[in-house]
Amino acid sequence: KGATEEFVALKSAAVENGVIASALDKIPLTVKKGIPTLPELQSKFDEVYSVSRQAAYVPRGRSGLEGQLAGKVFAALSLPPTHDKPPPTSESRGKMADYILARATYHIKLGDLEQAVKDLDQLSGQVAFSVKDWKSAAMDRVAVDKALKVIKMECALMNQNMVA
């Protein structure tokens, strides 16, 4: 409840400043339940990554229990790719998804959530479904961070104008 009250108070205080009001409008409504921090998102992605790799290796047309088990085994037996290798040239859906997940992991570790989300947008099927909630939380974090940068810049300019 505190975040909602603070957000409403900030919006009402920013009515006369169009730049700040516009930046606040870019903040998603999910701010009411809180926005995860970068370290929280980085930590959560470790779990999402593991589940997503397994989903990537589920054989086509085998989404049942045996397919899930096969995905788990294939993911465990295959070495994860590194972000700096070129994308796989084979037709393997699992290897391409694994490569995309490796690139996203690299960007997440660097703190570049926006690029990680762009990478994850390339996924499809069950793998895309397995990262959907994490992606949504990451996009909320990116939106809040961008809005905060604009607000901080506008406040700095306002302070500079008051001094001058």
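Residues numbered from 1 in each chain as written. Predicted model: local features only at pLDDT ≥ 70, side-chain atom pairs only at ≥ 80, totals over all residues. Heavy atoms only, no water.

*Asks:* So what about the overall build of the chain? Which residues, and what values?
*Replies:* On a plain count of helices and strands, the chain comes out with 7 helices and 0 strands. Each of the 164 residues in the chain was classed as buried or not, and the buried ones make up 34%. Pairs at least 24 residues apart make up 56% of the contacts formed inside the chain by residues separated by at least 6 positions. When the accessible surface of the chain is totalled, it reaches about 10,500 Å², and 59% of it is carbon and sulfur. (Helix = DSSP H or I, 4+ residues; strand = E, 2+ residues; numbered from the N terminus. Buried < 20%, exposed > 50% of the residue type's maximum accessible area, 1.4 Å probe, protein only. Contact = heavy atoms within 4.5 Å. Areas by Shrake-Rupley, 256 points an atom, 1.4 Å probe, with all protein chains shown as cover.)

*Asks:* Hey, could you go over the nonpolar core for me, with residue numbers and the actual values?
*Replies:* Formed by 25 residues in total, the largest nonpolar core has its most connected members in Phe45, Leu101, Leu120, Leu123, Val127 and Trp134. Where this core is concerned, the elements lending two or more residues are helix H3 (38–56), helix H5 (93–110), helix H6 (113–120) and helix H7 (125–163). Ignoring any residue separated from it by four or fewer positions in sequence, one finds Val127 in contact with Ser52, Ala55, Ala56, Ala97 and Leu101. Core analysis: the second largest hydrophobic core is formed by 9 residues, Ala14, Ala23, Val144 and Ile151 among them. (Core = buried A, V, L, I, M, F, W, Y, C linked by side-chain atoms within 4.5 Å.)

*Asks:* Describe the packing of H3 against H7, listing the residues and the values that go with them.
*Replies:* Two quantities define a packed helix pair, namely the angle between the axes and the distance from one axis to the other. The N-to-C vectors of H3 and H7 enclose an angle of 170°; their axes lie 8 Å apart at closest approach. Classified by the interaxial angle, the pair formed by H3 and H7 is roughly antiparallel. Two packed elements cross with a definite hand, and for H3 against H7 that hand is left-handed. Contacts between H3 and H7 pair Leu38, Leu41, Lys44, Phe45, Val48, Val51, Ser52, Ala55 and Ala56 from the former with Gln126, Val127, Ser130, Val131, Trp134, Ala137, Ala138 and Arg141 from the latter. (Axes fitted to C-alpha atoms, helices over the stretch in contact; angles between N-to-C directions. Parallel < 35°, antiparallel > 145°, perpendicular 65-115°, else oblique. Left-handed = near helix turned anticlockwise from the far one by under 90°.)

*Asks:* Summarise the side chain of His107; cite the residues concerned and give the values.
*Replies:* As for its placement among the helices and strands, His107 is situated in helix H5. Classification of His107 by relative accessible area gives buried; the value is 10%. Ignoring anything within four residues of it in the chain, the contact list for His107 reads Asp112, Gln115, Ala116 and Asp119.

*Asks:* Lay out the pattern of salt bridges with the relevant residues and their values.
*Replies:* Where charged atoms from two side chains of opposite charge come close, those side chains can pair. According to the stated counting rule, one finds 5 salt bridges in the structure shown. The partner of Arg53 in a salt bridge is Asp98, with the nearest N and O atoms 2.7 Å apart. Here Arg53 is found in helix H3, whereas its partner Asp98 is found in helix H5, with 45 residues between them in sequence. The salt bridge involving Asp145 is made with Arg141; its shortest N-O contact spans 3.0 Å. Here Asp145 and its partner Arg141 are both found in helix H7, 4 residues apart, which amounts to about one turn of the helix. (Salt bridge = Lys/Arg side-chain N within 4 Å of Asp/Glu carboxyl O.)

*Asks:* Residue-level account of a nonpolar patch on the surface, with values.
*Replies:* Taken together, Val73, Phe74 and Leu77 make up a surface patch of nonpolar side chains, about 320 Å² in accessible area. Within the secondary structure, Phe74 is located in helix H4 (residues 65–77). (Patch = residues over 30% accessible without salt bridge, like charges linked within 9 Å, V, L, I, M, F, W, Y side chains within 5 Å.)

*Asks:* Which residues make up helix H2 (residues 18–25), and what values do they have?
*Replies:* The set of residues buried in H2 consists of Ile20, Ala23 and Leu24. The arc that holds every buried residue of H2, seen down its axis, measures 100°, which confines them to one face. Opposite the buried face of H2, by more than 90 degrees, sit the exposed residues Gly18 and Asp25. (Arc of directions from axis to C-beta.)

*Asks:* Go over the packing of aromatic side chains with me, naming the residues and quoting the values.
*Replies:* The description of two aromatic rings rests on the distance between their centres and on the angle between their planes. Within the structure shown, the criterion is met by 2 aromatic pairs. Aromatic side chains Phe45 and Tyr49 sit 6.4 Å apart centroid to centroid with 40° between the ring planes, which places their arrangement in the tilted category. On the criterion of helical spacing, the pair formed by Phe45 and Tyr49 is a turn pair, its members being 4 residues apart in helix H3. Residue classification places Tyr49 among the buried positions, given a relative accessible area of 18%. Through pairs of rings, three or more aromatic residues link up here, namely Phe45, Tyr49 and Trp134. (Phe/Tyr/Trp six-rings, centres within 6.5 Å; stacked < 30°, edge-to-face > 60°.)

The quantities given are spatial measurements derived from coordinates; they are silent on function.
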